[in-house]
Amino acid sequence: MAVHQGINGKVIMPLGTCVFVVLMQLLVMGKPVICQETNVLISNAMPGEVLTLHCHSRDNDLGVHTLAYLATYQFNFEVNFWGTTLFTCDFTATNHPTSLGLIVFQGPSYQHGPWICVNQCNWSAYEYGFYLNGRYQASWPKLGTDTNVSTPT
């Protein structure tokens, strides 16, 4: 699975390979899940705070990034053949030193919840919590609590 950070540097799957994979997925699962790029955009909407994040999947560690107020970070990827792509991000902020782990994308093969986004996943961090595509998802943990990964509501 190719992961691209930022806007540039796309790697395009050869057309023949993509068509074959889509046909196989249509036969096996009834719907294709790859050959479609997903973009995750994370915004810091907390005035006066620095948001620190570390996003990763099982195969890709995107490193630690810090965002000033109104700054953004984005990455894009293609869902794997089995539809099991899963990206999580760990967040801390100036006034929220206890880490919060969130699933920022999960592929369609997961049975424990719906797709939280498909092609465009716009996450915003506010003083009171996190929103995905304008919908509230999670609040910051209280000081001293565990850093378990939260699944969106």
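Residues numbered from 1 in each chain as written. Predicted model: local features only at pLDDT ≥ 70, side-chain atom pairs only at ≥ 80, totals over all residues. Heavy atoms only, no water.

Draft legend 1. Layout of the overall build of the protein chain. Along the protein chain, the regular secondary structure elements total one helix and 11 strands. Reading the secondary structure of the protein chain in the N-to-C direction produces β-α-β-β-β-β-β-β-β-β-β-β. Out of the 153 residues in the protein chain, the part that is buried amounts to 41%. Of the contacts formed within the protein chain by residues at least 6 apart in sequence, a portion of 59% connects residues at least 24 apart. (Helix = DSSP H or I, 4+ residues; strand = E, 2+ residues; numbered from the N terminus. Buried < 20%, exposed > 50% of the residue type's maximum accessible area, 1.4 Å probe, protein only. Contact = heavy atoms within 4.5 Å.)

Draft legend 2. How the structure looks around the environment of Val 64. Relative to the assigned elements, Val 64 resides in strand E4 (residues 61–67). Considering only alpha carbons, one finds Val 64 and His 54, 10 residues apart in sequence, at a separation of 4.4 Å. Contacts of Val 64, omitting those with residues within four sequence positions, involve Thr 52, Leu 53 and His 54.

Draft legend 3. Representation of the pairing of strand E9 (residues 129–132) in the model. Of the pairings in the sheet, the one linking strand E8 (residues 120–126) to E9 comprises four bridges and is antiparallel in character. If you follow Ala 125 over to E9, its bridge partner there is Phe 130. Turn length for the E8-E9 hairpin, with the two strands adjacent in sequence and antiparallel, is two residues. If you look at the hairpin formed by E9 and strand E10 (residues 135–138), you'll find two residues sitting between the two strands, and Asn 133 has a positive phi there, around 50 degrees. (Pairing = 2+ DSSP bridges.)

Draft legend 4. Molecular detail of the side chain of Gln 137. Note that Gln 137 resides in strand E10. Judged by relative accessible area, which is 5%, Gln 137 ranks as buried. Of note is the side chain of Gln 137, whose polar atom sits 3.3 Å from the backbone oxygen of Arg 135. (Polar contact = N/O pair within 3.5 Å; in protein donor to acceptor, adjacent residues only side chain to side chain.)

Draft legend 5. Summary view of unusual backbone geometry. With phi around 70 degrees, Leu 70 is a residue other than glycine that occupies positive phi space. The residue Leu 70 is located in the loop between E4 and strand E5 (72–78) in this model. Classification of Leu 70 as exposed rests on a relative accessible area of 60%. Notably, Asn 133 is not glycine yet its phi reads approximately 50 degrees, a positive angle. Structurally, Asn 133 can be placed in the loop between E9 and E10. Judged by relative accessible area, Asn 133 falls into the partly exposed class, the value being 43%.

Draft legend 6. The packing of aromatic side chains, seen in detail. Applying the stated rule across the entire model yields 12 aromatic pairs. Pairwise contacts between aromatic rings join Tyr 73, Phe 75, Phe 77, Phe 87 and Phe 105 into one cluster. (Phe/Tyr/Trp six-rings, centres within 6.5 Å; stacked < 30°, edge-to-face > 60°.)

Draft legend 7. Examining the side chain of Asn 44 more closely. Note on placement: Asn 44 falls in strand E2 (residues 37–44). Residue Asn 44 is classed as buried on the basis of its relative accessible area, which comes to 1%. At 2.9 Å, the side chain of Asn 44 forms a polar contact with the backbone oxygen of Glu 49. Within the structure, Asn 44 has its side chain in polar contact with the backbone oxygen of Ala 68 (distance 3.3 Å). Dropping the residues within four chain positions of it, Asn 44 is found in contact with Glu 49, Val 50, Leu 51, Leu 67, Ala 68, Tyr 69, Leu 70, Ala 71 and Ala 125.

Draft legend 8. Region of the structure containing the state of the cysteines. Counted according to the given criterion, the structure contains one disulfide. The residue that forms a disulfide with Cys 55 is Cys 89, at a sulfur-sulfur distance of 1.9 Å. Across the S-S bond of Cys 55 and Cys 89 the torsion is about 105 degrees, and the bridge reads as right-handed. Of this pair, Cys 55 sits in strand E3 (residues 51–56) while Cys 89 sits in strand E6 (residues 86–93); the two residues are 34 residues apart in sequence, bridging distant segments of the chain. (Disulfide = S-S within 2.5 Å.)

In short, the description is geometric, and any link to function would need to be established separately.
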